[in-house]
Amino acid sequence: MDIDTRLLRSFVAVAREGHLTRAARRLYLSQPALTKQIRQLERLLEVELFVRSRDGMTLTEPGAVLAEQAPALLAGWDRALRATKGSASRAACVLRVGFVASAANEFTPRIVAAFGAAEPGWRVDMRQFGWTDPSAGLDAGAVDVALVRLPFPGQEDYRIRELFTEPRWVALPESHRLAGRDDIEFDELWGEPFVAAPPDNGRWRDFWIGADERPSHTAVVGAVARNTDEWLTAIANGFGISFTPESSARYYPRPGIVYRPVRGIGPSRVAVAWPGSTETNPVVGEFIRCCVRSCDPG
């Protein structure tokens, strides 16, 4: 019997979380889509894997057996997939580097130049990913290493080295009542509609609407954006405001939008992340060292 690994990953997520909604956020799926996948797996295996209740999803005895075996199967497949793709990259002397939005900002050219000097026979292939993949290609096995912003869903599955922090500012329509201020207190923004990432982005979405540092009932979503262009358009059209790194004021100046510092909220953290399976790859190790050296304020 052939089983799609996607169904197994969905099963493992639900087994770990014990709850469909939390598992759906972890997988960037809608809850109905995840429910459909679990039922499809049960039909294929001809066994009931979960007992459903108001409190969540409880594993049946067959489900518990699969939950014990499936992670090792998936880990083995992931290792094989990364090894295969990594082998192709090594044969071509190409390091695949994922990033989201502005990545490490002005440090990025410095990192790439330092890596080129350290590994002159190698080329860096920078691959940008939208807000629907905050792991910047790591989850899909599409990259060897990634420049990311923390937190992102599933980050505990990777090795992470924090590089620097950056204040969270707010992007506002220039007509907004607070746009003329030099800086703004965080609690003054409670109740304002926000332009947010899709709900399946979990911790990533929560962080960029400030839900990590305020009562959940004060977080209001006015529009959803999947990339920077959608985000800027929604703000300029007055659908909402948004927290953003300070560097956005330099990277994304746009008529109709102003950027202001926010007091009373923690910063964004930029990191380099990589799979444990690439830990012994000397080229990945050199890129990580270049990231650390290039981003060192000293």
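Sequence order as written defines the numbering, with residues in each chain counted from 1. With the structure being a predicted model, the display of local features is reserved for residues of pLDDT at least 70 and the display and counting of side-chain atom pairs for 80 or more, all residues being used for whole-chain, interface and lining totals. Working from all heavy atoms in the structure, the side-chain values ignore hydrogens and water.

Enquirer: Give a description of the environment of Val148 that names residues and reports values.
Expert: Structurally, the position occupied by Val148 is in strand E5 (residues 145-150). Val148 gets classed as buried once you look at its relative accessible area, which sits at 2%. C-alpha of Val148 to C-alpha of Leu163: the two residues are 15 residues apart in sequence and 9.9 Å apart in space. Contacts are assigned to residue pairs with any non-hydrogen atoms lying within 4.5 Å of each other. Among residues more than four places away in sequence, those in contact with Val148 are Pro134, Ser135, Ala136, Arg269, Val270, Ala271 and Ala273. A run of DSSP states H or I qualifies as a helix once it reaches four residues; a run of E qualifies as a strand once it reaches two. Both are numbered from the N-terminal end. Throughout this description, buried means an accessible area under 20% of the type-specific maximum (1.4 Å probe, protein chains only), exposed means over 50%, and partly exposed covers the range between.

Enquirer: So what's going on with the packing of helix H1 (residues 5-17) against helix H2 (residues 20-27)? Residues and values would help.
Expert: Lines fitted to C-alpha atoms define the axes, with helix axes restricted to the stretch in contact, and inter-axis angles between N-to-C directions lie between 0 and 180 degrees. Packing of H1 against H2 leaves a shortest axis separation of 8 Å and a crossing angle of 130°. Here H2 runs oblique to H1, going by the angle between their axes. In this structure, H1 crosses over H2, and the sense of that crossing is right-handed. Packed against H1, whose contacting residues are Arg9, Ser10, Ala13, Val14, Arg16 and Glu17, the element H2 presents Leu20, Arg22, Ala23, Arg26 and Leu27 at the interface. These descriptions rest on fixed angle ranges, namely under 35 degrees for roughly parallel, over 145 for roughly antiparallel, 65 to 115 for roughly perpendicular, and the rest for oblique. Definitions for this section: a left-handed crossing has its near helix turned counterclockwise from the far helix by less than a right angle. A right-handed crossing has that turn clockwise.

Enquirer: How would you sum up the pairing of strand E7 (residues 168-173)? Please name residues and give values.
Expert: Here E7 lies mainly inside the structure; six of its six residues are buried. Every second residue of E7 is oriented toward a common face, with Arg168, Val170 and Leu172 on one face and Trp169, Ala171 and Pro173 on the other, all of them buried. Each pair of strands is called paired provided DSSP finds at least two bridges between the two strands. Inspection of the sheet shows E7 paired to strand E11 (residues 242-245) by four bridges, in the antiparallel sense. For Val170, the partnering residue across the bridge sits in E11 and is Phe243. Bridge count between E7 and strand E12 (residues 257-263): five bridges; the pairing is antiparallel. The partner of Val170 across the bridge, within E12, is Arg260.

Enquirer: Provide a residue-level description of the nonpolar core, including the pertinent values.
Expert: In this structure, Val148, Val170, Leu189, Trp231, Phe243 and Tyr259 are the most contacted members of the largest nonpolar core, which totals 45 residues. If you list the elements that add at least two residues to this core, you get E5, E7, strand E9 (193-196), helix H6 (203-208), helix H7 (228-236), E12 and strand E13 (268-274). Side-chain atoms within 4.5 Å are what join buried Ala, Val, Leu, Ile, Met, Phe, Trp, Tyr and Cys residues into a set we call a nonpolar core.

Enquirer: So what's going on with the sheet that holds E7? Residues and values would help.
Expert: Pairing in this open sheet of four strands is mixed, and the strands run E8-E12-E7-E11 from one edge to the other. Each edge of the open sheet is held by one strand with a lone partner, namely strand E8 (184-185) and E11. Docked against the sheet, H7 engages E7, E11 and E12, running at close to 95° with respect to E12.

Enquirer: Mind laying out helix H9 (residues 282-294), listing which residues take part and the relevant values?
Expert: In this model, H9 (13 residues) spans 18 Å end to end at C-alpha, consistent with the 18 Å of a helix rising 1.5 Å per residue. Residues Val283, Val284, Gly285, Glu286, Phe287, Ile288, Cys290, Cys291 and Ser294 constitute the buried set of H9. For H9, the secondary structure elements touched by its buried residues are strand E3 (94-100), helix H5 (107-118), E5, strand E6 (159-166) and E13. Pairs of N or O atoms are called polar contacts if they sit within 3.5 Å, as long as, within protein, a hydrogen donor faces a hydrogen acceptor (for residues adjacent in sequence, only side-chain-to-side-chain pairs). Two or three places before Val283, at the opening of H9, Asn281 has a side-chain oxygen 2.9 Å from that residue's backbone nitrogen. Take the number of residues in a helix, subtract one, and multiply by 1.5 Å to get its expected span.

Enquirer: Give me unusual backbone geometry: which residues, what numbers.
Expert: Of note, the bond from Leu150 into Pro151 is cis; its omega dihedral lies within 30 degrees of zero at 0°. If you trace the backbone, Pro151 turns up in the loop between E5 and E6. Of note in this structure, Asn105 is not a glycine but carries a positive phi near 55°. Positive phi values are uncommon outside glycine, yet Ala136 reaches one of about 55°. Mapped onto the secondary structure, Ala136 falls in the loop between strand E4 (123-129) and E5.

Enquirer: Break down the sheet that holds E3 for me, with residues and values.
Expert: Strands sit in the order E4-E3-E5-E13-E6 across an open sheet of five strands; the sheet is mixed. Sheet topology places E4 and E6 at the edges, where each strand pairs with a single neighbour. Going across the sheet, the axis of each strand differs from the next one's by a mean of 25°, ignoring polarity. Looking at chain direction, E3 and E4 are connected through seven bridges and run parallel. Each bridged residue has a counterpart across the sheet, and for Val100 the counterpart in E4 is Phe129. Seen against the sheet, H5 touches E3, E4, E5 and E6 and runs at an angle of roughly 150° to E4. Relative to the sheet, H9 contacts E3, E5, E6 and E13, its axis offset from that of E13 by approximately 160°.

Enquirer: An account of helix H3 (residues 31-45) is needed here, citing residue identities and associated values.
Expert: Count 3.6 residues to each turn of an α-helix, and residues three or four apart come out pointing the same way. End to end, H3 covers 21 Å across 15 residues, agreeing with the expected 21 Å (1.5 Å per residue, within 8%). If you check which residues of H3 are buried, you get Leu34, Gln37, Ile38, Leu41 and Glu42. Projected down its long axis, H3 carries its buried residues within an arc of 135°, all on one side. The exposed set on the far side of H3, more than 90 degrees from its buried face, consists of Pro32, Lys36 and Arg43. Where H3 terminates, the next one or two residues include Glu46, which has phi positive at roughly 60°. Along the arc lie the directions from the helix axis toward the C-beta atoms.

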